[in-house]
Amino acid sequence: MSREKDIQELCNQVLTASLIPESGDSGYTQCPFCLAEGLWNDDEMNEITHKSTCAYLIAKDLSTNGG
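Residues numbered from 1 in each chain as written. Predicted model: local features only at pLDDT ≥ 70, side-chain atom pairs only at ≥ 80, totals over all residues. Heavy atoms only, no water.

Colleague: Would you take a moment to explain the overall build of the protein chain for this structure?
Modeller: Tallying secondary structure elements over the protein chain gives two helices and three strands in all. Going from N to C terminus, the protein chain has its helices and strands arranged as α-β-β-β-α. Going through the 67 residues of the protein chain one by one, you find that 24% of them count as buried. Look at the contacts in the protein chain between residues 6 or more apart in sequence, and 22% of them connect residues 24 or more apart. Of the roughly 4900 Å² that the protein chain leaves accessible, carbon and sulfur atoms contribute 50%. (Helix = DSSP H or I, 4+ residues; strand = E, 2+ residues; numbered from the N terminus. Buried < 20%, exposed > 50% of the residue type's maximum accessible area, 1.4 Å probe, protein only. Contact = heavy atoms within 4.5 Å. Areas by Shrake-Rupley, 256 points an atom, 1.4 Å probe, with all protein chains shown as cover.)

What follows is the structure, encoded as structure tokens:
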């Protein structure tokens, strides 16, 4: 696999990751990469505010070539 295809595959896997439900009945979920919290009904990664160094944001940027 070429380096570009590896990067695309990595980005795809990061961008399709699921939020992690926090234990208990707190009603919150977490990003698996930066652990930023979201409400349980924020069922998609793009619905929470990630830390600026989050792998999700980096992958999103790389997959759109910075756009």
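Colleague: Where do I start with the side chain of His 50 in this structure?
Modeller: Among the structural elements, His 50 can be located in the loop between strand E3 (37–39) and helix H2 (55–63). A distance of 2.7 Å separates a polar atom in the side chain of His 50 from the backbone oxygen of Met 45. (Polar contact = N/O pair within 3.5 Å; in protein donor to acceptor, adjacent residues only side chain to side chain.)

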